[in-house]
Amino acid sequence: MGKGRLEAFSDGVIAIIITIMVLEIKVPHGFDLAALRPLIPVFLSYVLSFIYIGIYWNNHHHLLQAVRHVNGRILWANLHLLFWLSLIPFVTGWMGENHFAAIPVAFYGTVLLLAASAYFILTRTLIFSHGKDSTLAIAVTGNFKEKISLVFYALAIPLAFVNSWFACALYALVAIIWLIPDRRIEKTLTS
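Thresholds applied
- Residues numbered from 1 in each chain as written.
- Predicted model: local features only at pLDDT ≥ 70, side-chain atom pairs only at ≥ 80, totals over all residues.
- Heavy atoms only, no water.
- Helix = DSSP H or I, 4+ residues; strand = E, 2+ residues; numbered from the N terminus.
- Buried < 20%, exposed > 50% of the residue type's maximum accessible area, 1.4 Å probe, protein only.
- Contact = heavy atoms within 4.5 Å.
- Axes fitted to C-alpha atoms, helices over the stretch in contact; angles between N-to-C directions.
- Parallel < 35°, antiparallel > 145°, perpendicular 65-115°, else oblique.
- Left-handed = near helix turned anticlockwise from the far one by under 90°.
- Phe/Tyr/Trp six-rings, centres within 6.5 Å; stacked < 30°, edge-to-face > 60°.
- Patch = residues over 30% accessible without salt bridge, like charges linked within 9 Å, V, L, I, M, F, W, Y side chains within 5 Å.
- Areas by Shrake-Rupley, 256 points an atom, 1.4 Å probe, with all protein chains shown as cover.
- Salt bridge = Lys/Arg side-chain N within 4 Å of Asp/Glu carboxyl O.
- Polar contact = N/O pair within 3.5 Å; in protein donor to acceptor, adjacent residues only side chain to side chain.
- Nonpolar A, V, L, I, M, F, W, Y, C, P; charged D, E, K, R; others polar.
- pLDDT = per-residue confidence, 0-100.

### Description of the overall build of the protein chain
Within the protein chain, the secondary structure is distributed over 9 helices and 0 strands. When the helices and strands of the protein chain are placed in sequence order, the string is α-α-α-α-α-α-α-α-α. Going through the 191 residues of the protein chain one by one, you find that 43% of them count as buried. Sequence separation of at least 24 residues holds for 81% of the intrachain contacts in the protein chain that already meet a minimum separation of 6.

### Some details on the packing of helix α5 (residues 102-130) against helix α7 (residues 144-159)
Working note: a packed helix pair is described by the angle between its axes plus the distance between those axes. Between α5 and α7, the least distance of the axes is 9 Å, while the angle of their chain directions is 155 degrees. One element, α5, and the other, α7, form an angle in the roughly antiparallel class. As α5 runs across α7, the sense of the crossing is left-handed. Seen from α5, the contacting residues are Ala106, Gly109, Thr110, Leu112, Leu113, Ala116, Ser117, Tyr119, Phe120, Thr123 and Arg124; seen from α7, they are Glu146, Leu150, Tyr153 and Ile157.

### Remarks on the packing of aromatic side chains
Taken as a whole and judged by the stated rule, the model has 10 aromatic pairs. Ring plane angle 35 degrees and centroid distance 6.4 Å describe the contact between Phe43 and Tyr46, whose orientation is recorded as tilted. Pair noted here: Phe43 and Tyr46 are both in helix α2 (residues 40-65), with a separation of 3 residues, about one helical turn. You can call Tyr46 buried: its relative accessible area is 14%.

### What about a nonpolar patch on the surface?
Together, Ile40, Phe43, Leu44 and Val47 line one region of the surface with nonpolar side chains, adding up to about 340 Å² of accessible area. The topology assignment puts Leu44 in helix α2.

### Looking at the environment of Asn163
Summarising the element assignment, Asn163 is placed in the loop between α7 and α8 (164-179). For Asn163, a relative accessible area of 26% translates into the label partly exposed. As a C-alpha pair, Asn163 and Phe100 span 63 residues in sequence and 9.8 Å in three-dimensional space.

### Things to note about the side chain of Ser45
Following the sequence through the fold, Ser45 ends up in helix α2. Among the polar contacts listed, one links the side chain of Ser45 to the backbone oxygen of Thr92, at a separation of 3.2 Å. When neighbours within four sequence positions are excluded, Ser45 is seen to be in contact with Thr92, Met95, Gly96 and Phe100.

### Here's the deal with the packing of α2 against helix α3 (residues 72-86)
Following both chains from N to C, one finds α2 and α3 inclined at 165 degrees, their axes separated by 12 Å at the closest point. In terms of orientation, α2 lies roughly antiparallel with respect to α3. Judged by the sense of rotation from one axis to the other, the crossing of α2 with α3 is left-handed. Between α2 and α3, the contacting residues are Ile53, Tyr56 and His60 on the first element and Asn78, Leu81 and Leu85 on the second. Looking at the contact of α2 with α3 residue by residue, the classes come out as 4 nonpolar, 2 polar and no charged.

### A short note on the side chain of Glu146
Here Glu146 is to be found in helix α7. What makes Glu146 buried here is its relative accessible area of 12%. Not counting chain neighbours up to four residues away, the residues in contact with Glu146 comprise Tyr119, Phe120, Thr123, Arg124 and Trp178.

### A look at the confidence of the model for the protein chain
Mean pLDDT over the protein chain: 92, with 95% of residues reaching 70 or higher. Across the protein chain, the element-wise mean pLDDT spans from 68 in helix α9 (residues 184-190) up to 98 in α3.

What follows is the structure in structure tokens.
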């Protein structure tokens, strides 16, 4: 199968996820700046999640550039990733509405951990389908960022019950790590 439908469907789902997140931000009833103050936690959680969704969209796009075809396993692995990403609006809203309370922050981290695990599974499924000598396999081997992200998520989840702001700082650190572009796929495709 060609990869076009997979890309189009994934792009559509990600666009809907972002739309749902922004629609969760309720318009204040006041007209002054003080009316915005209660929305600060909601807005901060939205910004963090928007960045995460953008990172996933960007990396998913680059990942599929190195793919020639898809099969049923790849479609299911991709749906697995989209499932966890689709929960981000829920945990984003829950975390923001509850001013970064421990349980919502821990659940946010759990969804991030499971989305990262699903992305890892998708990557491995693509490599299995295309072979260990494929452009994709060469481009994504030994990804330090993937491994350190999983470690930080695993640390941040229990840390949320000690200090939810430190847990959020770890989530933000992972986002910062991923904002630095990973050019391995681009370099492999152009060489």
